[in-house]
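Summary of structural features
Given next are the chains, with one letter for each unit.
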Amino acid sequence: MKLYRYISLQAFCELIYNSELTFKRPKCWPDQYEGHYFKLLESESGKKWIEGLIEKRISSAEHRKETKNLLRLLGNSLYCACFTQNADEEVMWNAYSYNNQAIMIETEEDNMTFLNAPTPSIIPVEYDLDKHKLAFLESNLFDYDSGIVIRNAGDMVRHKRKCFSYEKEIRVVMQDVEHSCQEIQKYSIQDVSSFISGVMVHPGAKPEYVKMIGTLCEVFSLNFYGKSRIYELDTSLFQPNEQNDISQTAQGGLKWMTRG
């Protein structure tokens, strides 16, 4: 599966110069609906809500405490990099414009392997999040004699509000307990020219900017698609249709009539 990411010039340069992809903890994203379970544990009212949910599934007081600790650990150790299935889409260029300097990189799902790092999960986002119906945590909790299990940690970051469904987002999720509690993590790519299969720049980018990105792509052996052409007029739509012209000529052509 092809994946795309719309990024700033700074993020693009960090990626190609350092051969690193940046991941971020969902609980640090500005959207307050993201990482909501983990954020709830940081307020007294949120803790009570979580505790009430846990009590529905977990009978042991000791295991209920263990569940909260496990959720805190997940909140501090899950890192995400967001991609999309939208290739050269106006809605994405508009949402992630970076003053008309946005850069779209193209890659593959199979390229999501990083040096000295855990194997990430590839998670398509489901646009079904309702802040009043957070049932997927409850359905993922299991209480065994030996302790608590959260069946699917990735499910904690799978859900998003329906208003963002245009993004067709794919999340690359890394569970990294060893480096937890940091806002971001950077994971090394073995070969950036193999990781990035194509590069395109914003349809509103200036010629000198397009030239600069093209030069960078040449230096790093990246396939450069140039400037997006989604705003350009397709003049072929207005070329004469030869067959229609011949037919009209045979019938005496079109007659224009005016009234005096």
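A few points on the structure. (Residues numbered from 1 in each chain as written. Predicted model: local features only at pLDDT ≥ 70, side-chain atom pairs only at ≥ 80, totals over all residues. Heavy atoms only, no water.)

Turning our eyes to something else, we now look at the pattern of salt bridges. This structure, assessed with the given rule, holds eight salt bridges. As a salt-bridge pair, Arg161 and Asp31 come within 3.1 Å of each other at their nearest N and O atoms. Highlighted residues: Arg161 in the loop between β7 (147–150) and β8 (169–175) and Asp31 in the loop between β2 (20–24) and α2 (36–40), separated in sequence by 130 residues. As a salt-bridge pair, Arg171 and Glu169 come within 2.7 Å of each other at their nearest N and O atoms. Overall, the relative accessible area of 1% leaves Arg171 in the buried class. Each of Lys160, Glu167, Glu169 and Arg171 takes part in salt bridges that share partners, so that together they form one network. (Salt bridge = Lys/Arg side-chain N within 4 Å of Asp/Glu carboxyl O. Helix = DSSP H or I, 4+ residues; strand = E, 2+ residues; numbered from the N terminus. Buried < 20%, exposed > 50% of the residue type's maximum accessible area, 1.4 Å probe, protein only.)

This part takes up the packing of aromatic side chains. One pass over the structure, following the stated rule, counts six aromatic pairs. Their ring planes at 85° and their centres at 4.9 Å tell us that Tyr6 and Trp93 sit as a pair that is edge-to-face. Here Trp93 lies in helix α5 (residues 90–95) and Tyr6 lies in strand β1 (residues 2–7), a separation of 87 residues in the sequence. When sorted by exposure, Tyr6 lands in the same class as Trp93, which is buried. Aromatic ring contacts, followed pair by pair, group Phe23, Phe114, Tyr187 and Phe195 into a single cluster. For Arg5, the ring lying beneath its charged end belongs to Phe83, and the centroid distance is 5.4 Å. (Phe/Tyr/Trp six-rings, centres within 6.5 Å; stacked < 30°, edge-to-face > 60°. Lys NZ or Arg CZ within 6 Å of the ring centre and 35° of its normal.)

On to unusual backbone geometry, then. We note that Asn100 has phi near 65°; this positive angle belongs to a residue other than glycine. Tracing the backbone shows Asn100 in the loop between α5 and β4 (103–108). For Asn100, a relative accessible area of 33% puts it in the partly exposed group. Positive phi values are uncommon outside glycine, yet Ser221 reaches one of about 60°. Tracing the backbone through its elements, the reader meets Ser221 in the loop between α8 (207–219) and β11 (224–227). A relative accessible area of 56% places Ser221 in the exposed class.

A separate point is the packing of helix α3 (residues 44–57) against helix α4 (residues 61–77). Packing of α3 against α4 brings their axes to within 10 Å, and their N-to-C directions diverge by 125°. Relative to α4, the element α3 lies oblique. Crossing handedness for the pair α3 and α4: right-handed. Contacts between α3 and α4 pair Lys47, Ile50, Glu51, Ile54 and Glu55 from the former with Arg64, Thr67, Lys68, Leu71 and Arg72 from the latter. Residues of the contact of α3 with α4, tallied by class, amount to three nonpolar, one polar and six charged. (Axes fitted to C-alpha atoms, helices over the stretch in contact; angles between N-to-C directions. Parallel < 35°, antiparallel > 145°, perpendicular 65-115°, else oblique. Left-handed = near helix turned anticlockwise from the far one by under 90°. Contact = heavy atoms within 4.5 Å. Nonpolar A, V, L, I, M, F, W, Y, C, P; charged D, E, K, R; others polar.)

Our next topic: the nonpolar core. Within the largest apolar cluster, 32 residues are counted, with the highest numbers of intra-cluster contacts made by Phe12, Leu21, Phe23, Ile103, Phe114, Ile196 and Ile213. For this core, the element with the highest residue contribution is α8, accounting for five residues. With near-sequence residues (within four places) excluded, Phe12 lies in contact with Ile7, Ile103, Ile105, Val199, Ile213, Leu216, Cys217 and Leu222. (Core = buried A, V, L, I, M, F, W, Y, C linked by side-chain atoms within 4.5 Å.)

Take α3 next. When the terminal C-alpha atoms of α3 are compared, their 21 Å separation across 14 residues agrees well with the 20 Å that a helix rising 1.5 Å per residue should span. Buried residues of α3: Gly46, Ile50, Leu53 and Ile54, and no others. Each buried residue of α3 sits inside an arc of 100° when the element is viewed along its axis, so together they form one side. Turned more than 90 degrees off the buried face of α3, the exposed positions are Glu44, Ser45, Lys48, Glu55 and Lys56. (Expected span 1.5 Å × (residues − 1). Arc of directions from axis to C-beta.)

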